[in-house]
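Listed here are the chains, written in short residue letters.
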Amino acid sequence: MYAAYEQVESSELAAPSAWWKSWRFALVAVILTVAAIAYVAWFRELDDRQQRALAWVTLVAAVTNVACATVGCFLLLRRMSLMGDALAHSVLPGLVVAFIFAGSLNIGFMFVGALAAGLATAFLADTLNRRGGVPADASLGVVFVSLFALGVVLIKRYTGGAIHLDFDCVFAGELDLVGISSNKNMSVGPFELPRTLVSVGPVLILNIAVITLLWKEFKVSSFDPALATAMGFRAGRLHYLLMALVALTTVASFEAVGSILVVAMLIVPAATAHLLTDRLSKMLWVSAGVGLLTAVAGCALARLIEVNTAGTIAVTGGALYGVAVLLSPRYGVVSTLLRNARISARIVREDMLAMLYRLEELATDRQLGERQVVQAVGGGLLANWGLWSLLRRGDVQRTDRGLSLTASGKQQASQLVRSHRLWEAYLVEHLGLPLDHVHEPAERIEHFIDERLREQIVADLPAADVDPHGRGIPDAPGESRS
Amino acid sequence: MQAPPVEIHDMTVAYHRKPVLWDIDLTLPKGRLIAVVGPNGAGKTTLIKAILGLVPLASGKVELYGQPFHRQRHLVGYVPQRESVDWDFPVTALDVVLMGTYGRLGWFRRAGAAERDTAMASLESVGMTRFADRQIRQLSGGQQQRVFLARALAQNAQIYFMDEPFSGVDAATEHATVSLLQELRSAGKTLLVVHHDLQTVREYFDHVILLNMRLVAAGPIETTFTDENLQATYGGRLTVLAEAAEAVRLGD
Amino acid sequence: MDLLALPPNLRVLLGTSLLGCVAGVIGSLAVLRRRSLTGDMVAHAAMPGLCLAYLVAYELGIGRDRPAYFLLLMSGAALTGLIGSALVTFLTRWTRTRQDAAIGIVLSTFFGAFVVLLSYIRYLPGAHVAGVDQYIFGQAATLLTADVWFIAGVLLVSIVTLAICFKELKTYSFDADFAHSLGWPTLSIDLGMMAALCLVTVVGLPLVGILMAGMIIIPCAAARFWTYRFGPLLVISGAIGAATGVFATLVSAEYFVRWFGFDPLAFGYNRKALPTGPVIILSGAAIFLASVLFAPRRGVLARLIALLRLRSRTATENLLRALYELGESQLPRLAPHQLEEIQQHRRWNRGQLTWALRRATWAGWIERNADAIQLTASGHQRAAEVTRIHRLWELFLISGARIAPDHVDRDADSIEHVLTPNIVGQLEAMLAESGRLPRTAATPPQSPHVLTGGNDPVGTLSPGGG
C-alpha cells in the first residue's frame, strides 16, 4: 500500500555517494597531511628535553580530551550541556574536602568527594526546581555557583600554601607542569608517569567500556527516555550513571585543566561532531577525533607562543568548532548560504526560460535582447550570471535579433509553464480564487512542483489542457503516448 | 482461559497529588483495534503512560495477560507522541527502528544481523526501505510517523499503544497506517490508539474507550459510540471533579 | 571629588549592597526570561576583554592609578561580553547547536582565551598580572569612590527605566510572543535587557568576578519563595541583593569579629587576601537557604506545618464520622462507643487515632471516659456535617461520574477533607436538582453503600500523604 508512495518520494534525494570519495574529504585529508608534516618537522627542531616535555603534555591532553569528548556527546544530545558546566564547577568543594582529609591530591578520595558533590548538585537542583518552583536553569545556577564559591573559600582557608591546590589550578589547570616538574609524577610499577595521566587514563578506559557495553541503552534512553523506560532500561538510572561518569571525568581532568576549562573539553568536540555527522556512532568517533586533534594542535600552539596550554586547547577547540559552523557540508552556515544562492540562481534561470517560452508562444517575431531579459528578472549579478549559465548549457542561444530557446531549453520551459498553469487551474478549481489572484502564487510555486505533483494535479482537475486564462497547458514529456 | 491483554483495576493516577484519572476499571479484549477518545486534558496520554509504568499509580493495579507490566514488557509496543521527539538527534530511520528490538535483547547485548533484518522487514512493511539511511529530520511528517510505526512493529508485540499516530500526517499516510493497523488486528494483536478525530472513529476502529478524567464508557463501537455517551464525555463538564482535584493539589 | 570621598568601609558596604540591589532587579528579568545561565556566560566571556584592555593600557602606558585605566578595563570586558552573547544568539539561530550547548561553548572558549592572555601578560616585562588576576574572584579593596557612584548611577537608571516601562517589561517577561503581537519592539526590548545584563555583570566583575552569575540568579530565586507577583518580586529581589551585600560586608568586617568575638569564616589575619566574590555569593546562598526554609506559604517549614495540620484535621474528621456512623441507627440518642468498636470500624494508624482523640476532646467534640467515647452535642453537629460532605461526594461520584458504588467510599475518604464550601454548595445544588437530596436537609443523606468496617485501605490517595 505504501509502495507507490515510496517510488515517487525516493527520487527526491539521490543515493548518498560514498563519503570518502567526496572532494571535501580529500581537501580535509590534504590539509591534515600538510599540518602533520609541518608538525613533525617542527617537533624535530626542539631539543631533547623540550621534546620529552611536549610529548608528555600532548599525551595527557589527548587522553583528557578524548575521555571528555566521548561522554560529552551524550551530554550534548540529552540537552544537558549546562549540567556538564554545573558539575564541572560544583565538584570543587568535594575535591577540596577530600584534599583536606587526605592531605594530598589522593585520587581515590577526590573521586569520592567529587562524586558526592556532583550528585548533590543534581539532586539539589532537581528538588529546587520541582518542589520549590524555581526555574530549572536558575535552580541549577544557584546550586553550582554557591558550591563553587564554597570551594574557593575552602581552598583559601584550608589549603593555603599547599602545592597542588590553589587558585591557578582551579581556573587554569597545571598541564604546563606535566613533564617538567618531577613532583607532578608518581611511580606506577616500574614506570614514572605524570600523576594527571594516572588519574585520566583509567577514566578514559572506563568511559569507553561503559559506552561500549551500554551502547544501545544509552542510545535509546538519550533519544526516547519513555521508550527506554517502557522497555525496562530505566532512563532515570542511566541518567545518573551518565552524570556520575561526567563527574568522574571532571575530577580526573581537574589537575590538568582545572574546573572551568573542562567544559570546553566536554562540550565543544561533541558540538563540532554534531554539526558534521548524522549518526550517533560516527558522532562519537568524530568527537573523539576532534578532541585528539584539538589536544595535539593546542599543545603545539601553546609551546609555540609560550602561553598556558589548557587555555590554548580550549581556544583551539572553539576555533575548530567555528570552522565546522562555517564549513560543515550539511549544516554549515556557508553551505546553507550557498544552497540558498543555488536555489535563487535556479529560480532566476527558470524565470528567464519561462519568459522566453511565453514570448515564443505568442508567435510574434519579437525577440528580447540580453539586456532586456536580464532586466526583466530583476537585473543584477545573479541575473547576469544566470543568463550566462543558460547560454553555456545550451538552453538559450543568441540569434541575430536577440535570444531564443534551444530544443532542450524549450523542453524545460514547457514543463515550467505547465506547472504554472496547472497550479493556476488548481487554485481556481479547488480554492475558488479569482482569476486575477492566481498568477502570483503560481509564479512562486512553479519552481518547486515536480512531475509527481503535476500528475496529482492533473488527476484532480476535470480538464488539464487549458488554464483559467484560456491559454493552453503544455503536455507532459511522454504525454502523447496516453 | 487466557487472561485479557489489559486489565485495569480501580486505577487512580495523580500528578503532583492532583488526580487526573479517577478509578478506572477496564478490561480490553484481545484482537481489537481500540480508540481512546476524549476531550483535551481528559487523561488519554496518561492512561497509556500509566499502563506502561511511565507514571506512578496512586492506587489500583494494571495487568497485562494476568501479570504485572514489568514481567510483560516484551509483549508491548509503544508509539509516542511526535512532539516528544528530538528530530536533530543523530540517528537514521533504520537506527530508530532498530531500537524496537532492544527490549528483547536486554542489557549489554548488542544488535546483530538478525535484529537488522527484523528492522529492515518492519521498514519494508511501512514502505520506508529506501529511506533507511536518512537522518530523521530529513523525512516528511508522514514518513517520520511511519518510522515510529515501524519501530513498534519491530518490537513484535502483542499489545500496541499509540499516542495520536495520525496527528500531522497526510491523508495517504493515514489511510495506509489504518490498513496496517487493521492487518495487525487480524493477526490477533491488540491495539490501543489515542485518537482525536471523532469523524473517523467509526470508520477505523471496532472498539472505543470514552474517557474524561474517569471512564465514561468502553465497549464495541456499535453499542458504545453513541450520542448519549459522547454527550457524557464531551458535554456537561464535571467542574466539581476538576475543582476537587485542584483542592487536593493545593492541599489546604 | 574629595567632598564625596567615602571611608573605605562605607565604600565597600555601599558598593556591594548597591551592586546586589541592581543585580537582583536586572537579574530577575533575566531569570524570568530563562536567561539565568546567560549571565554566567557573560561573566566568563567578559574576562578576555579585561586582558585585552589591560594590554592596550600597557602599550599606551596608562597606569593603574589613572581613572582611564578602570574605564578602559570595563569597556574591554563589556565588549567581549557582548560579543559572547551575540555569538550565542547567532549559533542558536543559524546552526543546529542548541542554546545550552552554545552557552557552554562560548563560555569555555572565551574563558580559555582569558587564561591564555593571562599567562601571556604574566611573562610580559613590567606588567602586573595582579591588575587582572584579582578580577577572577573579585576584590572589594580595589573599589574606588567613583566606582560606587557609578554603580549607584546604574541602579538609578535601571529603576527609572523599570518604573517607566513596568507594564511592558512585565508583559514581555511573561509572554514575549504576545508582546510581539501587540506590535511592541520586542527585539529592542530583548537587546536592551541583554545589554543591561552585560552592563551589570561587567560592573560587578571587580567585586564578584566570574561568580557574578550568582549575584544575578540568587536574589530572584530567593524572592520567588516570598511572592508570586511580578512587581513585588522585583522589589524583594532587589532588597535581597542589597541585604546580601550588607551581610557579606559585615561578615568580613573587623568589627564583626570585635563585637561577636569570633570570625565566622575564620579568615583570621589573612582576611585581606580572601577574594570578596565567594564571600558575597555564600552570603547570598545563606539568605537563599533561609528563604527556602522560612518563607511563609512556600517555605519548607510552612509547608510542613500545613501538612501536619491537614493530617490532624483528616484524622479528627475521620474519628467524628466513625462515631456518627456507629451511632447512626440509634439517633437522635447519643450513645457512648468503646474504643475497640472505633478501631474496628475503619483502619487506623495508631498515632493518628490517639492524636485525633486528644484533639477532639480538646475541642469539646467528644467526652471520654476510659475507653468509652461519646459525642457531645457540638461534636454531633460537627460529625453530621463531616458525614454529610462525605456522602454528598459519594452520591456525586455515583450519579455524576458514574463510578461504581463499591469504589466511592475510599475516594470520598480522601477528598472530603479538602472540599471547599463552594464545592459543597455546588454538590448540593446538583444533587437537589436531580432529586437525590431533600432541599432542606441539614442532616446527612443515607449512605449510598453498605457500611462495612475496616475494608478500606486508608491513605492510598490521602492528600498530604502522597
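Predicted model, so just to flag it, every value in this text is computed and none were measured.

S.K.: What exactly am I supposed to notice about the overall build of chain A here?
M.R.: A count of helical and extended segments in chain A gives 20 helices and four strands. Taking all 482 residues of chain A together, the buried fraction comes to 51%. Pairs at least 24 apart in sequence give 68% of the contacts found in chain A among residues at least 6 apart. Put simply, chain A shows about 21,700 Å² of open surface, and 63% of that area lies on carbon and sulfur atoms.

S.K.: Sorry, what's going on with the nonpolar core here?
M.R.: It is characteristic of soluble globular proteins that their nonpolar side chains tend to be buried jointly. In this structure, F161 of chain B together with F114 of chain C are the most contacted members of the largest nonpolar core, which totals 287 residues. Looking at this core element by element, the count peaks at 15 residues for helix 3 (residues 48-77) of chain A. Not counting the four nearest positions on each side in its chain, F161 of chain B is found in contact with V6, I48, I51, L52, V76, G77, Y78, V79 and L192 of chain B.

S.K.: What exactly am I supposed to notice about the sheet that holds strand 2 (residues 366-369) of chain C here?
M.R.: Residues and elements named next belong to chain C. Read across the open sheet, the three strands follow the order 1-3-2; overall the sheet is antiparallel. Two strands in the sheet have a free side with no partner beyond their single neighbour: strand 1 (337-338) and strand 2. Pairing geometry for strand 1 and strand 3 (residues 372-375), over two bridges, is antiparallel. Paired with H337 across the bridge in strand 3 is I373.

S.K.: Explain the environment of R401 of chain A to me, please; I cannot follow it from the model alone.
M.R.: Residue and element names in this part refer to chain A. In this fold, R401 is placed in the loop between strand 3 (396-399) and strand 4 (402-405). In this structure, the C-alpha to C-alpha distance between R401 and L368, residues 33 residues apart in sequence, is 7.7 Å. Excluding its chain neighbours within four sequence positions, the residues that come into contact with R401 are D365 and Q367.

S.K.: Sorry, what's going on with the interface of chain B and chain A here?
M.R.: In many analyses, interface size is given as the accessible surface area lost on bringing the parts together. Contacts between the two partners involve 50 residues from chain B, matched on the other side by 37 residues from chain A. Interface of chain B and chain A: buried area, both sides summed, is about 4,000 Å²; carbon and sulfur atoms make up 61% of it. Counting across the chain B and chain A interface gives four salt bridges. Note that D95 of chain B is salt-bridged to K219 of chain A, the shortest N-O span being 3.5 Å. At the surface where chain B touches chain A, the tally comes to 11 residue pairs in polar contact (both at pLDDT 80 or more). For the side of chain B that touches chain A, the secondary-structure elements that each account for two or more residues are helix 2 (93-99), helix 3 (102-105), helix 5 (141-154) and helix 6 (171-186) of chain B. Broken down by element, the side of chain B that touches chain A gets its largest block of residues, seven residues, from helix 6 of chain B. Looking at the side of chain B that touches chain A residue by residue, the classes come out as 23 nonpolar, 15 polar and 12 charged.

S.K.: Whenever I open this one, the pattern of salt bridges confuses me. Can you help?
M.R.: All chains considered together, the criterion is met by 23 salt bridges over all chains. One salt bridge connects R79 of chain A with D86 of chain B, and the closest N-O pair in it is separated by 3.4 Å. With R79 of chain A in the loop between helix 3 and helix 4 (81-102) and D86 of chain B in the loop between strand 6 (76-79) and helix 2, this pair bridges two chains. For R79 of chain A, a relative accessible area of 47% puts it in the partly exposed group.

S.K.: How should the packing of aromatic side chains be read in this particular structure?
M.R.: What describes a pair of aromatic rings is the distance from one ring centre to the other and the angle between the planes of the rings. Inspection of every chain in the model, using the stated rule, returns 16 aromatic pairs over all chains. When the ring of W22 of chain B is compared with that of W393 of chain C, the centres are 6.2 Å apart and the planes differ by 55°; the resulting orientation is tilted. In this pair, W22 of chain B sits in strand 2 (residues 18-28) while W393 of chain C sits in helix 17 (residues 377-399), so the two residues belong to two different chains. Considered together, W22 of chain B and W393 of chain C belong to a single accessibility category, that of buried residues. On the numbers, 6.1 Å between centres and 80° between planes, the contact of F225 of chain C with F288 of chain C is edge-to-face. On the criterion of sequence distance, the pair formed by F225 of chain C in the loop between helix 10 (212-223) and helix 11 (230-252) and F288 of chain C in helix 13 (residues 276-294) is long-range, its members being 63 residues apart. With respect to class, F225 of chain C is no different from F288 of chain C; both count as buried. Ring-pair connections join several aromatic residues into one group, and the members of that group are F223 of chain A together with W87, F89 and F148 of chain B. For the cation-ring pair, R96 of chain C lies above Y331 of chain A, with the distance from its terminal atom to the ring centre recorded as 3.8 Å.

S.K.: It is not clear to me how a nonpolar patch on the surface should be interpreted in this structure. Could you clarify?
M.R.: Together, L289, L293, F294, V300, L301 and I305 of chain C make up a nonpolar patch on the protein surface, roughly 550 Å² of accessible area in all. The class of I305 of chain C is partly exposed, set by a relative accessible area of 44%.

S.K.: Can you help me understand unusual backbone geometry in this one?
M.R.: In most cases, non-glycine residues show a negative phi, while peptide bonds are predominantly trans. Located in the positive-phi region is N156 of chain B, a residue other than glycine, with phi close to 45°. Mapped onto the secondary structure, N156 of chain B falls in the loop between helix 5 and strand 7 (159-163). Of the residues examined, N156 of chain B reaches a relative accessible area of 42% and is grouped as partly exposed. At R34 of chain C, a position not held by glycine, the phi torsion is positive, near 60°. Its place among the elements puts R34 of chain C in the loop between helix 1 (8-32) and helix 2 (36-60).

S.K.: Honestly, helix 7 (residues 166-174) of chain C in this entry has me stumped. Any pointers?
M.R.: Residues three or four positions apart in an α-helix share a direction because the helix packs 3.6 residues into each turn. Residue and element names in this part refer to chain C. Every buried residue of helix 7 is listed here: L169, Y172 and S173. Viewed end-on, helix 7 has its buried residues packed into an arc of 100°, placing them on one side of the element. Away from its buried face, by an angle of more than 90 degrees, helix 7 presents the exposed residues K167 and F174.

Conventions adopted
Residues numbered from 1 in each chain as written. Chains lettered and ligands numbered in written order. Predicted model: local features only at pLDDT ≥ 70, side-chain atom pairs only at ≥ 80, totals over all residues. Heavy atoms only, no water. Helix = DSSP H or I, 4+ residues; strand = E, 2+ residues; numbered from the N terminus. Buried < 20%, exposed > 50% of the residue type's maximum accessible area, 1.4 Å probe, protein only. Contact = heavy atoms within 4.5 Å. Areas by Shrake-Rupley, 256 points an atom, 1.4 Å probe, with all protein chains shown as cover. Core = buried A, V, L, I, M, F, W, Y, C linked by side-chain atoms within 4.5 Å. Pairing = 2+ DSSP bridges. Buried area = accessible area lost by both parts, 1.4 Å probe. Salt bridge = Lys/Arg side-chain N within 4 Å of Asp/Glu carboxyl O. Polar contact = N/O pair within 3.5 Å; in protein donor to acceptor, adjacent residues only side chain to side chain. Nonpolar A, V, L, I, M, F, W, Y, C, P; charged D, E, K, R; others polar. Phe/Tyr/Trp six-rings, centres within 6.5 Å; stacked < 30°, edge-to-face > 60°. Lys NZ or Arg CZ within 6 Å of the ring centre and 35° of its normal. Patch = residues over 30% accessible without salt bridge, like charges linked within 9 Å, V, L, I, M, F, W, Y side chains within 5 Å. Arc of directions from axis to C-beta.

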